[in-house]
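One-letter residues, chain by chain:
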Amino acid sequence: MTRDPESGKDGSTKNDAATKKDGVTGNVFHGPAPFQLGDRNVQINHIHQAPPQRRPLVLTGAAVTTRHELAAAIRRDWAAARRQFFEGAATAGAPSDGWLGLLSWLRELDGLTAEDLTTQIELIDHRLRDQALPADLKLLHLLGWLDPAGEAVWRGTPVTVEALSEALRIGRIRESGPEWELYRDLCEGGLLDALARFTVLSALRGTQQAWDEVWESWRRLAARIPGLPSEAREWAGSGARGLLLAALLPYPQTTVWLRAACEHVPPPATGEIEWYDWLRERDGGPDTPIGWLVRTDFTAYAAAQAEAIRRQAAADLQNQRMAAVLDHAAALRDRDWADYERRRLSPTARLEAVGRATLWLGAWGAATIPVPWVIWGWAEPDIAATVSWYLVALTLAAYAGWVPQVLRLGAAYRPPLHRVREWAEEARADRGSVRRGLIRAGSVAGAVLILGVLVHDVGVVVTTILVVPLLAVAFHFARIGALHDWADEHRERLRDYRSGRPDAGGIPQSIIQGVRSPSPGVRADAYREFLRQFTGLGHSGQDEGRDNGRRDR
């Protein structure tokens, strides 16, 4: 089709074109020139029709038609929106119907400006279609485009400046809780850029990149720190990351607790912790992220290490003092023991011990002499006299075997010569002692009776020959210590001396704790007890009377 010529055949001018009549009907046309169809002019009138109604998007049973309505629905039910739009698929590898419905709805939105259309294309092509991006981050990017002036919500929880600050302050040192979860998501990356879409958090733009860069710089620096403790090195590769972000956030809420953390722990003195001094020289200054990290977390580690070094130095000094006291105490104790041994084994003490043994065994031998006279003396006085001499011979044999043992004990051999009566009363009070005494008395009476029968029946010579082996038996048993040595006190002293030596582990725990006490009085009491424990003072002074009492037994 072609338009009619701008001038008609009837010679009308161009100005008359708008009022030209139809060649067939004679109607006057107003507006655009008609088209020519064959030999007829056809005027095409504009037909105004209503635009087709757009299909609404349905989420959690409610239809949404505007950006703000969809944003409100996402904030109400984050999980349902994530599941419908970004999870599931019709077939393997195919997009889900929920995603296709969202994509169609976004394309049909009305009233978008040129800037809206540009950001929408960026959103769809580089965020929502990114297979590597988690579904939650896709939904957050979508929410930020739909309603950037509204509240930032992450996984159903509002994200504010205060929430970010608390996540970095608390979440990085915990292993559970909402602060820890937000901190974990921040460390996974991408969340800061998505949050920066919202107007209230627009100051976060570029923070993610700055955080990644300073984190890499810190990791390279931390790998070179000489002598860094293992727990601080582990923290440098994990929890330190959160404080770097806190130092980068452009909000005063984080600055407040960062300054408080710096003031909470005073740094160690220069030259006290080598790795800390090395790090302070390379942190870039106190106002840099690494500078804040060094002045907070690693100042705490350095201060703790310095305190541990000071405590160890104090403990070493205390141990040196203890070692000196131990050496001195051991020398005193050894000297005390040597003096005691010299007195115990002196010739005079041994001679006195032999005298005590003679009196003690002589008394027991004399006590057995009446027995044969009671049994045989009324009928056979000769037999009673012979058996009496046999008892004397047995007593002398036991005495001969016992004297070497008495000489080895020296002054420690102290039978109860001066307290026989008390000893007898104590023996009567002990049923076991009474029983043993009756058995011994019965044995002596039986032996006397048997010896008398032998003398009567076989004669003195044969009986004497039979008694000789008994003399050897009495000598042997006395020599091997079968008799009571009355040296209980000596054995107790010897046990105390051996167990109380510094190398025997005999230091009571109460003394060890008392020596380390911060109280001067407690330490003084512990040292006195310590000296009493290791220098043998327990056997002097007031204990001397107790020892004298024991010697009388």
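Only a predicted model underlies this, so the values are computations on that prediction, with no experimental measurement involved.

Caption draft 1: Fine view of the overall build of the protein. Looking only at helices and strands, one finds 24 helices and seven strands in the protein. Residues classed as buried in the protein amount to 35% of the 553 residues present. In the protein, the share of contacts with a sequence separation of at least 24, taken over all contacts with a separation of at least 6, comes to 67%. For the protein, the exposed area adds up to about 32200 Å²; of that, 56% sits on carbon and sulfur atoms.

Caption draft 2: Spatial organisation of the packing of helix α14 (residues 289–344) against helix α21 (residues 488–499). Where α14 meets α21, the closest approach of the two axes is 12 Å, and the angle between their N-to-C directions is 155°. On the basis of the axis angle, α14 is roughly antiparallel to α21. Note on packing geometry: the crossing formed by α14 with α21 is left-handed. Along the contact surface, α14 presents R333, D334, W337, Y340, E341 and R344, while α21 presents H490, R493, L494, D496 and Y497. Across the contact of α14 with α21, the residue classes tally to four nonpolar, one polar and six charged.

Caption draft 3: Quick look at the packing of aromatic side chains. In this structure the tally under the stated criterion is nine aromatic pairs. Residues F85 and F86 carry aromatic rings whose centres are separated by 6.2 Å and whose planes lie at 80° to one another, so their mutual orientation is edge-to-face. Accessibility assignment for this pair places F85 and F86 in one class, buried. Where F86 meets W99, the ring centres are 6.2 Å apart and the plane angle is 40°; that geometry is what we call tilted. Taken together, the residues span a long stretch of sequence, with F86 in helix α2 (residues 78–86) and W99 in helix α3 (residues 97–107) at a distance of 13 residues. W99 shares its class with F86; the two are buried. Site record: aromatic cluster; members linked through ring pairs are W218, W275, Y276, F298 and Y301. Positioned above the aromatic ring of W211 is the side chain of R241, whose terminal nitrogen or guanidinium carbon lies 4.7 Å from the ring centre. Just above the ring of W292 sits the side chain of R295; from NZ or CZ to the centre is 4.8 Å.

Caption draft 4: A look at the pattern of salt bridges. In total, this model carries 22 salt bridges according to the counting rule given. One salt bridge connects D125 with R129, and the closest N-O pair in it is separated by 3.3 Å. Residues joined by salt bridges that share partners form a network here, namely R82, E87, D136, R155, R184 and D185.

Caption draft 5: Just α2, in detail. Every buried residue of α2 is listed here: W78, A81, F85 and F86. An end-on view of α2 places all buried positions within 80° of arc, on one side of the element. Summarising the contacts, the buried residues of α2 are in contact with β4 (57–59), α1 (67–76), α3, α4 (114–128), α5 (135–146) and β6 (153–154). Where α2 begins, one side-chain oxygen reaches toward the backbone nitrogen of A80, 3.1 Å away; that side chain belongs to D77.

Caption draft 6: Spotlight on the nonpolar core. In terms of nonpolar packing, the biggest core is built from 83 residues, with L70, I74, F85, L106, L142, W218 and F298 touching the most fellow members. Discounting chain neighbours no more than four positions away, the residues touching L70 are L57, L59, V64, F85, L102, W105 and L146. Core analysis: the next-biggest nonpolar cluster, separate from the first, contains 18 residues, W337, A357, A398 and A478 among them.

Caption draft 7: Highlighting the confidence of the model for the protein. Averaged over all residues, the pLDDT of the protein equals 79, while 78% of them reach at least 70. In the model, residues 1–37 has pLDDT below 50 throughout and makes 42 contacts with residues more than four positions away in sequence or in other chains. This stretch, residues 537–553, has a pLDDT under 50; its non-local contacts, to residues over four places away or in other chains, come to 27 contacts.

Caption draft 8: Fine view of the side chain of D277. Turning to its location among the elements, D277 is positioned in helix α13 (residues 274–280). No salt bridge is formed by the buried D277. Its closest oppositely charged neighbour is R280, at 7.3 Å. The residues contacting D277, other than those within four sequence positions of it, are T270, G271 and E272.

Caption draft 9: Spotlight on unusual backbone geometry. Phi angles above zero are rare outside glycine, and T60 is one such case at about 55°. Secondary-structure assignment places T60 in the loop between β4 and β5 (62–64). By relative accessible area, T60 is classed as partly exposed at 45%. One non-glycine residue, R155, adopts positive backbone phi at about 55°. Within the fold, R155 resides in the loop between β6 and β7 (157–158). Residue R155 is classed as partly exposed on the basis of its relative accessible area of 36%.

Criteria and thresholds
- Residues numbered from 1 in each chain as written.
- Predicted model: local features only at pLDDT ≥ 70, side-chain atom pairs only at ≥ 80, totals over all residues.
- Heavy atoms only, no water.
- Helix = DSSP H or I, 4+ residues; strand = E, 2+ residues; numbered from the N terminus.
- Buried < 20%, exposed > 50% of the residue type's maximum accessible area, 1.4 Å probe, protein only.
- Contact = heavy atoms within 4.5 Å.
- Areas by Shrake-Rupley, 256 points an atom, 1.4 Å probe, with all protein chains shown as cover.
- Axes fitted to C-alpha atoms, helices over the stretch in contact; angles between N-to-C directions.
- Parallel < 35°, antiparallel > 145°, perpendicular 65-115°, else oblique.
- Left-handed = near helix turned anticlockwise from the far one by under 90°.
- Nonpolar A, V, L, I, M, F, W, Y, C, P; charged D, E, K, R; others polar.
- Phe/Tyr/Trp six-rings, centres within 6.5 Å; stacked < 30°, edge-to-face > 60°.
- Lys NZ or Arg CZ within 6 Å of the ring centre and 35° of its normal.
- Salt bridge = Lys/Arg side-chain N within 4 Å of Asp/Glu carboxyl O.
- Arc of directions from axis to C-beta.
- Polar contact = N/O pair within 3.5 Å; in protein donor to acceptor, adjacent residues only side chain to side chain.
- Core = buried A, V, L, I, M, F, W, Y, C linked by side-chain atoms within 4.5 Å.
- pLDDT = per-residue confidence, 0-100.
- Lys, Arg positive; Asp, Glu negative; His and termini not counted.

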